[in-house]
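Residue-level structure breakdown
Here is what each chain is made of, one letter per residue.
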Amino acid sequence: MIPHTLSPPALAVRCAGVVKSFGTDETLVRVLHGIDLDIPAGELTMLVGPSGCGKTTLLSIIAGILSFEEGEASIFGTPIHSLKGADLVRFRRQTLGFIFQQYNLLPALSASENAAVPLLAAGVGRVTAIRRAEELLAQLGLGAHLKKLPNQLSGGQQQRVAIARALVHNPKLVVCDEPTAALDAQSGQTVMALLRDAALAPDRGVIVVTHDNRIYSYADRIAEMSDGRITRVARTPAQKVA
Amino acid sequence: MAMAWVALQMLYGDRAKYFGLVFGVMFATLLMAQQTSIFVGLMARTANQITDVREANVWVMDPRVRYVDEPEPMPATDLDRVRSVDGIAWAVPMYKGLTNVRAPGGVLNQVFLLGIDDASLVGAPKTMLLGSVEDLRLPDAIIIDRAGFEFIWPGEALELGRRVEMNDRTAVIVGISEPAPPFTTFPIVHTRYTNALRFTPGGRNRMSYVVARAEDGQAPEAVARHIEATTGLQARTTTEFQWQTIQYYLQRTGIPVNFGITVTLGFIVGAAIVGQTFYIFVVENMKQFGALKAIGVTNTTLAGMVLLQGSVVALVGYGLGVGLSAGFFVATANVTALRGFYMPWQIMIGTAGAVLAIMVVSIFASLRRVMVLDPAIVFRG
Ligand SMILES: Nc1ncnc2c1ncn2[C@@H]1O[C@H](COP(=O)(O)OP(=O)(O)OP(=O)(O)O)[C@@H](O)[C@H]1O
Ligand SMILES: [Mg+2]
């Protein structure tokens, strides 16, 4: 059931006719065949589909870390294909939050230091940055583990540190690739509940790439992909929202 | 800058590699600084018997002489010819040769015998541990250096009055000296010129050198050229003769090549260890660097981070290496074979340059990988 809203929600991501190929000449393989996809702010959108269908490729394009040949991709109205070099890097730093399947935390930094990295990269002082990170980690239930190194934390705890890192600088768009794939079912549920809780905001878009159907229930909207095309987009009001 | 702090945490966090890197730089530094210092010290020693005659600044010798340790005998009349040259304050004879010393009941030892002018005692030892230079005037008196005494009588306390035989004549030790260390291990024996002729076999014409001093206000170089022009002998200032001797050892012995090989090996092994380890350190952190790139850390900042990591390794490793090298020379200052060696500041700077070269190569080899790193790898397994 589609709720009636007074104004249409802001568009977090708009993709139109995005084409992407890998390789050159004889080895050229087209992976995305003209992707049209709108992702509204204020919702958690899941991108699902069989392995190799192009989910990660599309997410990388939306995140501004992969170029593409044809079409347009805009984040909150900014066409990312028009950004180059240092401008693109700054855009990512200010606008995006990243969550990876393998967490990608810095092994030498504590939980709070890791979560503070986007602020440090933006030039925020260390003390301020770490304090902001610690508030967020406490909210994610890691108040007792602030000083621990990644190898002293469970996978689920590490992914929660990664969630804090993805949100600490208040990004407008959060991109997650298989955030629960390395976790057991219980940890996966916890992580998704916390992610939904912490990340969702009216003016923020959240995209989660997954093929873990146990977490589909956390989505507001599911976009299905197959062989480089979007085959279906469905509104699925998240059941877990209390 | 906050990311500088992150870079240092990354470096210190990988304990094993950090120690490996610092050790590599330290090892290379130690090997290069210490070996070069010993080489320089050793080469300087070849001329110590020239510079020890501090009173003189001009040496006159047979034209065939190439370096101090192989004098050609000159007739005694050459002394008067030199003395008659203008611009000379004084000129005295000197005997220098190798001869055998037999201690009673002991073995035969080869020694450097230095015969110095009977009247002036020019060229007498400057540092006396026992006895006095003036006692050389006593009959059959000799002064032997400490290293020589310990060489002939190992483990025995320094003592005057001991008798030795040279050329079937008895000599009495009246003093023990501490001259600048010679290049070889031969003991150094000082005696009067006339005694020296008695303590060695041969005829009358056995003067090795005429050592002289230019008059005040006369440049030694000019006086030396003047002596050459008027006598046909070879004349050198102390400095010229010193470098001529060092040059001879540099060109005629395998010593420079040997040290050169060691120092080059130190450089190559150090560069290999450091370059390799630093490269591995950076490559193992590639996922981390990729994540930072995706998150929005610029290439410039990442380059700065790698540069900082490399610089810290170079500084700490160099500091330890130079410190250890200096410590080596302090610790061995009293070892007879190593006495007088130290680390000249030029070598510290040269070694710093070599370490810089190692680090620059290591940093740039790995930096390239970071610069071209595609942030899209972060979403790939
Ligand atoms: N850098 C690359 N070079 C060449 N081919 C690539 C590259 N990256 C991805 N591909 C190919 O593009 C296709 C889509 O890959 P992608 O990783 O986007 O799939 P996916 O839907 O994320 O799969 P999975 O669910 O297994 O993660 C695959 O066939 C893959 O082999
Ligand atoms: Mg994928």
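Keep in mind the model is a prediction, meaning the values are calculated, not measured.

About the criteria used
Residues numbered from 1 in each chain as written. Chains lettered and ligands numbered in written order. Predicted model: local features only at pLDDT ≥ 70, side-chain atom pairs only at ≥ 80, totals over all residues. Heavy atoms only, no water. Salt bridge = Lys/Arg side-chain N within 4 Å of Asp/Glu carboxyl O. Helix = DSSP H or I, 4+ residues; strand = E, 2+ residues; numbered from the N terminus. Domains from an automatic or database assignment. Contact = heavy atoms within 4.5 Å. Buried area = accessible area lost by both parts, 1.4 Å probe. Polar contact = N/O pair within 3.5 Å; in protein donor to acceptor, adjacent residues only side chain to side chain. Near = heavy atom within 4 Å. Areas by Shrake-Rupley, 256 points an atom, 1.4 Å probe, with all protein chains shown as cover. Buried < 20%, exposed > 50% of the residue type's maximum accessible area, 1.4 Å probe, protein only. Pairing = 2+ DSSP bridges. Right-handed = clockwise from strand over helix to strand, strands pointing away.

With that settled, consider the pattern of salt bridges. All names here are of chain B. Across all of its chains, the model carries 27 salt bridges over all chains by this definition. For Arg225, the salt bridge identified is with Glu228, shortest N-O distance 3.4 Å. Remark: Glu228 and Arg225 occur in helix α7 (residues 220-231); sequence separation between them is 3 residues, near one turn of the helix. Several salt bridges converge on common partners, so that one network encompasses Arg146, Glu150, Glu178 and Arg339.

A word on the domain arrangement of chain B. Interfaces are often sized by the accessible area lost when the parts come together. Residue and element names in this part refer to chain B. Domains assigned within chain B are domain 1 (2-46 + 254-379) and domain 2 (63-232). Each of domain 1 and domain 2 has a C-alpha centre, and these two points are 48 Å apart. Contact residues are listed per partner, giving 7 residues for domain 1 and 9 residues for domain 2. Among the residues domain 1 hides against domain 2, the three largest losses belong to Arg45, Thr46 and Arg339. Together they make up 70% of the total. Applying the counting rule to domain 1 against domain 2 returns 1 salt bridge. One salt bridge connects Glu178 with Arg339, and the closest N-O pair in it is separated by 3.7 Å. The tally of links from domain 1 across to domain 2 stands at 1 residue pair in polar contact (both at pLDDT 80 or more). Looking at the side of domain 1 that touches domain 2 element by element, the count peaks at 3 residues for helix α2 (residues 15-45).

The interface of chain A with chain B comprises 30 residues on the first partner and 23 residues on the second. Summing both sides of the interface, chain A and chain B together bury roughly 2300 Å²; the carbon and sulfur share of this comes to 72%. Considering only the side of chain A, the residues that lose the most area to chain B are Ile65(A), Asn104(A) and Leu106(A), jointly responsible for 22% of the buried surface there. Between the two partners, chain A and chain B, sit 0 salt bridges. For the interface between chain A and chain B, the tally reads 4 residue pairs in polar contact (both at pLDDT 80 or more). Counting residues per element, the ones that place at least two in the side of chain A that touches chain B are α1 (55-62), α2 (85-95), β6 (96-99), α3 (111-121) and β7 (173-177) of chain A.

This part covers the site of ligand 1. Near ligand 1 lie 13 residues; those nearest to it are Ser51(A), Lys55(A), Thr56(A), Thr57(A) and Arg380(B). Near ligand 1, residues from chains A and B are present, making the site a shared one. In the environment of ligand 1, an oxygen atom lies 2.5 Å from a nitrogen or oxygen atom belonging to the side chain of Thr57(A). Between Arg380(B) and ligand 1, the recorded distance is 2.6 Å, taken from a side-chain N or O atom to an oxygen atom. About the coverage of ligand 1: the protein hides 61% of its 630 Å² of free accessible area. Examining the composition of the shell around ligand 1, we find that 3 residues originate from one element, α1(A), more than from any other.

Another point: the pairing of strand β8 (residues 205-209) of chain A. Each regular strand displays side chains that alternate between the two surfaces of the sheet. Residues and elements named next belong to chain A. Among the 5 residues that make up β8, 5 are buried, leaving the element largely enclosed by the rest of the structure. Residues Gly205, Ile207 and Val209 of β8 are buried on one face, and the alternating residues Val206 and Val208, pointing to the opposite face, are buried as well. Sheet analysis places strand β3 (residues 44-48) next to β8, joined by 4 bridges and oriented parallel. Looking at β8, one finds that Met46 is bridged to Val208. For the crossover from β7 across helix α6 (residues 185-199) to β8, the handedness is right-handed.

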